[in-house]
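# A look at the structure
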Amino acid sequence: MSIINVFLIGPMGAGKTAVGKQLARRLGWEFVDSDREIEDRTGVDISFIFEKEGEEGFRQRECKVIEDLTTRHNVVLATGGGAVLDSANRTVLAGRGYVVYLFASVDQQAERTRTGRNRPLLNTEDPRARLEELMEVRDPLYRQVADLVLHTDGQRVTQVAEEIHRNIKDSVQPGAGSFDPLSLIHISEPTRQYCQSR
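Chains are numbered independently. Their residues run from 1 in the order of the written sequence. Totals for whole chains, interfaces and linings use every residue, but because this is a predicted model, local features are given only for residues with pLDDT of at least 70 and side-chain atom pairs only at 80 or more, for both listing and counting. Side-chain measures here rest on the full set of heavy atoms in the structure, leaving out hydrogens and waters.

A few words now on the packing of aromatic side chains. Two measures describe an aromatic ring pair: the distance that separates the ring centres and the angle between the ring planes. Between 30 and 60 degrees the pair is tilted, below 30 it is stacked and above 60 it is edge-to-face, where a pair is any two Phe, Tyr or Trp rings, Trp via its six-membered ring, whose centres lie within 6.5 Å. In total, this model carries three aromatic pairs according to the counting rule given. Where Phe50 meets Phe58, the ring centres are 5.0 Å apart and the plane angle is 35°; that geometry is what we call tilted. A relative accessible area of 3% places Phe58 in the buried class. Seen in terms of ring centroids, Tyr101 and Phe103 are 6.1 Å apart; in terms of plane orientation they differ by 80°. Their pairing is edge-to-face. The buried label goes to any residue with under 20% of its type's maximum accessible area, the exposed label to any with over 50%, and the partly exposed label to all in between, with areas taken from a 1.4 Å probe on protein chains only. By relative accessible area, which is 0% here, Tyr101 ends up buried. Among the aromatic residues, ring-to-ring pairing joins Tyr101, Phe103 and Tyr142 into one connected group.

Set out below in structure tokens:
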């Protein structure tokens, strides 16, 4: 079976959108950013959704968008940093494409996000401490569903995209040997259910 989609996961500041656009051009595929898709569908930015509906409201919207986008073919999808919190998202991502975890150290995340305005989870007195808290929870979940883990610190966008492209060409099928849905019940990190039953 050939790979029909590539899904990029990872923390804020890992370069998912930039790498995704570059990779999509190399593959001749469509690029989609789940956060941008949510904004397009709602007509407002992510910060506004967090303000009016809270994180739970945003995650519910995110879950529906990821469910929709992962059914497409020949798509490179960049997901939001918290998409892996929901077990339903982890299942569809792992089951419908080749999942790449773009790892970035907290130092790198802090540097890349310090000027961003549309990151409601970082609206705090100590954004770096918040990034550390988020990584502690999310890193095991990223690794659980990833077919490939790439470290992005100090790497150019073109380098990361080329490495993903090379690995895709060497892969026989998406998700080969990397994810067992039954393992979800063994996760010790907090897991949440934002999605409705499908």
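Each helix is a run of DSSP H or I of at least 4 residues and each strand a run of E of at least 2, with the numbering of both proceeding from the N terminus. Checked against the element boundaries, Glu30 lands in strand 2 (residues 30-33). Assessed through its relative accessible area of 38%, Glu30 is described here as partly exposed. Considered as a pair, Glu30 and Gly20 are ten residues apart in the sequence and their alpha carbons are 9.6 Å apart. By the convention used here, residues are in contact when the closest approach between their heavy atoms is within 4.5 Å. Not counting residues within four places of it along the chain, the set of residues in contact with Glu30 comprises Ala24, Arg72, Asn74, Val75 and Val76.

Here we come to the sheet that holds strand 3 (residues 75-78). DSSP-based pairing: two strands are paired if at least 2 bridges between them are found. Taken together, the five strands give an open sheet; going across it, the order is 2-3-1-4-5, and neighbouring strands pair in parallel fashion. Of all the strands in the sheet, the pair left with one neighbour each is strand 2 and strand 5 (148-151). Neighbouring strand axes in the sheet, compared pairwise and without regard to direction, differ in orientation by 20° on average. Across four bridges, strand 4 (residues 98-103) lies against strand 5 in parallel orientation. If you follow Val100 over to strand 5, its bridge partner there is Leu148. Packed on one face of the sheet, helix 1 (residues 16-27) meets strand 1 (5-9), strand 2, strand 3 and strand 4 and runs near 165° to strand 2. Geometry is summarised by axes, namely lines fitted to C-alpha atoms with helices restricted to the contacting stretch, and by angles between N-to-C directions that run from 0 to 180 degrees.

This next bit is on helix 1. In an α-helix, one turn spans 3.6 residues, which is why side chains three or four residues apart end up on the same side. For a helix, the expected span equals 1.5 Å multiplied by the residue count minus one. For helix 1, which comprises twelve residues, the first-to-last C-alpha distance of 16 Å matches the rise-based estimate of 16 Å (1.5 Å per residue) to within 8%. When we look at burial in helix 1, the residues that qualify are Lys16, Val19, Gly20, Gln22, Leu23 and Ala24. Contact partners of the buried residues in helix 1: strand 1, strand 2, strand 3, strand 4 and helix 7 (157-170). Gly28 sits one or two positions beyond helix 1 and adopts a positive phi of about 75°.

Take a side-chain nitrogen of Lys or Arg and a carboxyl oxygen of Asp or Glu: if they are within 4 Å of each other, that pair is a salt bridge. Scanning the model with the defined rule gives 15 salt bridges in all. The closest approach of N and O atoms between Arg72 and Glu30, which form a salt bridge, is 2.9 Å. In this pair, Arg72 sits in the loop between helix 3 (46-69) and strand 3 while Glu30 sits in strand 2, placing the two residues 42 residues apart along the sequence. Among the ionic pairs, Asp107 bridges to Arg128, the shortest N-O distance being 2.5 Å. Placement of Asp107 in helix 5 (residues 106-113) and of Arg128 in helix 6 (residues 127-145) is noted, with a sequence separation of 21 residues between them. Of the residues examined, Arg128 reaches a relative accessible area of 36% and is grouped as partly exposed. Put simply, Glu37, Arg41 and Asp68 are held in one network by salt bridges that share partners.

Distances and angles like these do not, on their own, reveal function.
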